[in-house]
Amino acid sequence: MAEQTHVLFVEDDDVIREATQLALERVGFAVTAMPDGLSGLEAFRADRPDIALLDVMVPGLDGVSLCRRIRDESTVPVIMLSARADSIDVVLGLEAGADDYVTKPFDGAVLVARIRAVLRRFGHASGADRGEAAGADDGGVLTFGDLRIDTEGMEVRRAGRPVALTPTEMRLLLEFSAAPGTVLSRDRLLERVWDYGWGGDTRVVDVHVQRLRTKIGQDRIETVRGFGYKLKA
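Everything in this summary refers to the structure shown in the same document. (Residues numbered from 1 in each chain as written. Predicted model: local features only at pLDDT ≥ 70, side-chain atom pairs only at ≥ 80, totals over all residues. Heavy atoms only, no water.)

A short note on the overall build of the protein
Cut-off, in case you're wondering: Strands here are runs of E lasting at least two residues and helices are runs of H or I lasting at least four, both read from the DSSP assignment and numbered beginning at the N terminus. Only protein chains enter the area calculation, which uses a 1.4 Å probe; residues under 20% of their type maximum are buried, those over 50% are exposed, and those in between are partly exposed. Between two residues, a contact is recorded if the distance between any of their heavy atoms is within 4.5 Å. Calculation of accessible area relied on Shrake-Rupley with a 1.4 Å probe; when residues are assessed, cover is drawn exclusively from the protein chains displayed.
If you tally the helices and strands in the protein, you get 8 helices and 11 strands. Looking at the 233 residues of the protein, the share that counts as buried comes to 46%. Considering only contacts in the protein between residues 6 or more positions apart, those separated by 24 or more positions represent 58%. By element, 49% of the accessible surface of the protein is carried by carbon and sulfur atoms, the whole surface being about 11100 Å².

Right, here's the structure in full:
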């Protein structure tokens, strides 16, 4: 029997917490549900879950701060939950290191689909996803100026120094590096990196591109207004 995927769910509303936990367990997830950020952090450190669902507004340690603490220690995928589609909530959560977000109230099936989509892209990349593209040498290494991308070892170096990327940032960089100089639309990136088979919020792309720029160089990824982004060859 396959090992269950372990979900950490932090939500202070008792009704939402219990109903969501039951819904996730019904489809086969193992769920640890906590009512506040501090207990959530303790559970994360004790259990090392496969994915974390964090409500933005929880007592003790809010979801954004909890996300930052988790990201300091791990690259485990994080989905933020917010009662509002407020730009500040969304951007703060993504900038803290979240990989995606879902707005409440949410349909249980939609939440499960988003969880599975995040988990899929955190799995082992296929040959194509590893960036076996034009410009890679026999060792699967791509070079763009001082940026060196090992598409087999999943390592990135800038000016010889290792660059720590989350799995989502790595997939985004691989998508760019597979087509250097080609403009990639936000919709294409949502589909390829976030596995969205439907329209999604392009702020997810914009924030992740900005996070990636801070790590590999602000000028390495160019914005093409009205179209999207491209990696400078």
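Side note on the sheet that holds strand E6 (residues 141-144)
Strand-to-strand pairing in sheets goes through backbone hydrogen bonds, with the strands running parallel or antiparallel. Worth spelling out the cut-off: Between any two strands, at least two bridges found by DSSP are needed for them to pair. For helices, the axis comes from a line fit to the C-alpha atoms of the stretch in contact; other axes are also lines fit to C-alpha atoms, and the angle between any two N-to-C directions lies between 0 and 180 degrees.
Sheet architecture is open: 4 strands sit in the order E6-E7-E8-E9, paired in antiparallel fashion. A single partner strand is all that each edge strand has here, and the edge strands are E6 and strand E9 (161-162). Two elements, strand E7 (residues 147-150) and strand E8 (residues 155-158), share 4 bridges in a ladder whose sense is antiparallel. Directly across from aspartate 150, in E8, lies its bridge partner glutamate 155. In the packing of helix H6 (residues 167-177) onto the sheet, the strands contacted are E6, E7 and E8, and the crossing angle to E7 comes to about 105°.

Some words on unusual backbone geometry
Omega for the bond connecting lysine 104 with proline 105 falls within 30 degrees of zero, at -5°, which places this linkage in the cis form. Positive phi values are uncommon outside glycine, yet arginine 48 reaches one of about 45°. Topologically, arginine 48 is positioned in the loop between helix H2 (37-47) and strand E3 (51-55). Note on arginine 48: relative accessible area 45%, which makes it partly exposed.

As for the environment of leucine 184
Relative to the elements of secondary structure, leucine 184 occurs in the loop between H6 and helix H7 (186-193). Once you skip the residues sitting within four places of it in the chain, leucine 184 turns out to touch Glu175, Phe176, Leu189, Phe227, Gly228 and Tyr229.

Remarks on the nonpolar core
Which entries qualify depends on this criterion: We call a set of buried Ala, Val, Leu, Ile, Met, Phe, Trp, Tyr and Cys residues a nonpolar core when their side-chain atoms join them within 4.5 Å.
Residues Leu54, Met80, Ile149 and Phe176 are the most contacted members of the largest nonpolar core, which totals 49 residues. Top element by residues in this core is helix H8 (residues 203-216). It accounts for 6 residues. Not counting chain neighbours up to four residues away, the residues in contact with leucine 54 comprise Val10, Gly63, Leu66, Cys67, Ile70, Val78, Ile79, Met80 and Leu81. Counting residues in hydrophobic clusters, the runner-up holds 15 residues, among them Val7, Phe9, Ile79 and Leu81.

Looking at empty space enclosed by the protein
Put simply, the rule is: Points on a 1 Å grid, built from protein atoms alone, make a cavity when a 1.4 Å probe fits but cannot get out and make a pocket when they are open with protein on both sides within 12 Å along at least 5 of 7 lines; residues with an atom within 4 Å of a point are the lining residues. Grid points are joined across faces, edges and corners, and a volume is the space filled by probe spheres set on the points. Classification used: nonpolar for Ala, Val, Leu, Ile, Met, Phe, Trp, Tyr, Cys and Pro, charged for Asp, Glu, Lys and Arg, polar for all others including Gly.
The final tally for this structure, using the stated rule, is 1 cavity of 30 Å³ or more. Taken as a whole, the largest cavity spans an internal volume of roughly 40 Å³. Listed by contribution, the elements that provide at least two residues to the lining of the largest cavity are strand E4 (78-82), helix H4 (87-95) and strand E5 (100-103). Among the elements that make up the lining of the largest cavity, the one with the highest residue count is H4 (4 residues). Counted by class, the lining of the largest cavity contains 6 nonpolar, 2 polar and 2 charged residues.

Focus on the pattern of salt bridges
Using the following cut-off: Any carboxyl oxygen of Asp or Glu within 4 Å of a side-chain nitrogen of Lys or Arg constitutes a salt bridge here.
Inspection of the entire model under this criterion finds 14 salt bridges. One salt-bridge network, held together by shared partners, links Glu11, Asp55 and Lys104.

Here we look at H6
For H6, a buried count of 10 out of 11 residues is recorded, marking the element as mostly surrounded by other parts of the structure. When we look at burial in H6, the residues that qualify are Thr168, Glu169, Met170, Arg171, Leu172, Leu173, Leu174, Glu175, Phe176 and Ser177.

Considering the sheet that holds strand E2 (residues 30-34)
Spatially, 5 strands are ordered E2-E1-E3-E4-E5 in an open sheet, and the strand pairing comes out parallel. Since the sheet does not close on itself, it has two edges, and those belong to E2 and E5, each with one partner. Neighbour to neighbour, the strand axes of the sheet diverge by 20° on average, direction disregarded. Alignment of strand E1 (residues 6-10) against E2, held across 5 bridges, turns out to be parallel. Bridge pairing links valine 7 to valine 31 in E2. Together, E3, E4 and E5 form the strand contacts of helix H5 (residues 108-121), whose direction differs from that of E5 by roughly 180°.

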